[in-house]
Structure formats: structure tokens, C-alpha cells
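Notes for the structure review
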Amino acid sequence: MKKMAKCLRLNRETLVAEYVAHMGRCIDRLLDEYYREVAGALRSEAARGDVQVERLDSADKAHLVRRLVAGPLAVMDSWGTGSMMDTGNPALPGYIGGPLYNPARGTQPGAPITGRPEGPYVNIFGETVVSSGAMEGLNLEAFPGLPIRPREPSYAFQNAEKWFAASRRVQEEIEKETEGFWGAVRENPARFMTFG
């Protein structure tokens, strides 16, 4: 009599898809929490409206990518402007050396806001504007009544990052979703394994 063989097979695709779904919920909750921390600390409605959550998943590679994108209003709110800015901003050296920076302004971090040279330039909002050059190099922060004022940082992003780094929120959420994943496997093992 011929022996009959039975095999137990793991449905890897279903198992991976279930784990990715659980981790997707985990990362969504964490990013939403981070967003609320940042938005709650920003000082203006315009700055809060300048922060977006992006989901950049790659389903074919099971990569989960989320990011919080801050526009210029949110960045200026969080890091400050002019002579009052937080000079610890890691993006500041790139900005100072970049095409958006006023060439008539000092290059030391925290330099006051100054007038621009005559001619067109692209401002921090990506708009092309024209300067008369009449106040080129002058400290605009020293002129009372001008609408251009230095702003103190709200530290919205900086404090949210410190809070996340110091807390166990990430570990707690990963543990919670990992337990949920294994619970789903235990409750319905036939979904993940076939015997035949």
C-alpha cells in the first residue's frame, strides 16, 4: 500500500498582509498623535493649515511610509524667524546657502531680516516678487511699523519630537498591534495555514 503524504502550508501572503495591516494602523495612530501634538503647539491657524500628513505606502514591497510635511508658515512658526529664530534647525545651513536666502542678509544663523537687492527673486512661498532694492542690506527688524517682524519659535515640531523620543508611545503601539496580529492568527489559523 502506498503512503499518503499530507502537508501543512503557511499562507505567507495572507500572513504578511495581515501584519502589514496591523502595523499600518499602528503607524497611522502614531502619526495622528504626532500631528495633534504639533498642530496644537503651532501659534497660528495659517501654520496649522500648512501641515499635511502623507501616506506613501508601497503595497508591492509591504513598505509603510508616513510623513508629516510642513510648509513655510509651519516651519517659521515652529523655528521662528529673523534674529529670534531657533538656530538649532538642522535645515538652516541648507537654507542659508540656498537660492531662497537673501544675499544681502548676514550668513550667521539668527541674522536679522534685511532688505533685498533690486530685482526679482523667489520668496519662501515659491512666488516670484520684485524688490526695489531701496532697503538692500538694512535691518528691517529695526524699523518700527514695518510688517516684517522677527518671530519667536513655538517649538511645535521640536517639542513633539522630544516628547515622542522620551516616551514609550511607539513601543506601546507596536506591542498593542503585534498582540492584535497574533490574536487574529490564533482565532483563525485556517486563514493562514492549509493542510492537505
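The text that follows walks through the structure, step by step, so that each part is easy to find. (Residues numbered from 1 in each chain as written. Predicted model: local features only at pLDDT ≥ 70, side-chain atom pairs only at ≥ 80, totals over all residues. Heavy atoms only, no water.)

**Describing the overall build of the chain**
Where we set the bar: Put simply, DSSP H or I for four residues or longer makes a helix, DSSP E for two residues or longer makes a strand, and each gets a number counted from the N terminus. Remark: exposure states derive from per-residue accessible area (1.4 Å probe, protein chains only) relative to the maximum for the residue type, with buried under 20%, exposed over 50%, and partly exposed in between. Throughout, a contact is declared for two residues whenever any of their heavy atoms are within 4.5 Å. Here, Shrake-Rupley sampling with a 1.4 Å probe gives the accessible areas, and only protein chains in the shown set may cover a residue. None of His or the chain ends enter the tally, which takes Lys and Arg as positive and Asp and Glu as negative. For the purpose of locating charges, the reference atoms are NZ of Lys, CZ of Arg, CG of Asp and CD of Glu.
Summing up its helical and strand segments, the chain has six helices and six strands in all. Each helix and strand of the chain, placed in order from N terminus to C terminus, yields the pattern β-α-α-β-β-α-α-β-β-α-α-β. In terms of overall dimensions, the chain has a C-alpha envelope of 100 × 30 × 25 Å along the principal axes. In the chain, which comprises 196 residues, the proportion classed as buried is 33%. Of the contacts made within the chain by residues no fewer than 6 positions apart, 59% connect residues no fewer than 24 positions apart. Total accessible area computed for the chain in this model is approximately 12500 Å², and 57% of it derives from carbon and sulfur atoms. Across the chain, 24 positive and 25 negative side-chain charges occur, with their mean positions spaced 10 Å apart.

**Remarks on the environment of Gly82**
Structurally, Gly82 is set in the loop between α3 (72-79) and α4 (92-96). When sequence neighbours within four positions are dropped, the list of residues in contact with Gly82 reads Arg105, Gly110, Ala111, Ile113, Glu141 and Pro150.

**Comments concerning the packing of aromatic side chains**
For any pair of aromatic rings, the description consists of the separation of the ring centres together with the inter-plane angle of the planes. Under the convention used in this document: The aromatic pairing rule takes the rings of Phe, Tyr and Trp, using the six-membered ring of Trp, and pairs them if the centres are within 6.5 Å, calling planes under 30 degrees apart stacked, those over 60 edge-to-face and the rest tilted. Criterion for a charge above a ring: Arg CZ or Lys NZ at most 6 Å from the ring centre, at most 35 degrees from the ring normal.
By the definition in use, this model includes five aromatic pairs. Ring centres of Tyr19 and Phe181 lie 5.0 Å apart, and the angle between their planes is 75°; on these two criteria the pair is classed as edge-to-face. With a gap of 162 residues between them, Tyr19 in helix α1 (residues 12-41) and Phe181 in helix α6 (residues 169-187) connect regions that are remote in the sequence. Its relative accessible area of 34% is what places Tyr19 among the partly exposed residues. On the numbers, 5.2 Å between centres and 85° between planes, the contact of Tyr95 with Tyr101 is edge-to-face. Among the aromatic residues, ring-to-ring pairing joins Tyr19, Phe181 and Trp182 into one connected group. Looking at Arg116, its charged tip hangs above the ring of Tyr121, at a distance of 4.0 Å from the centre.

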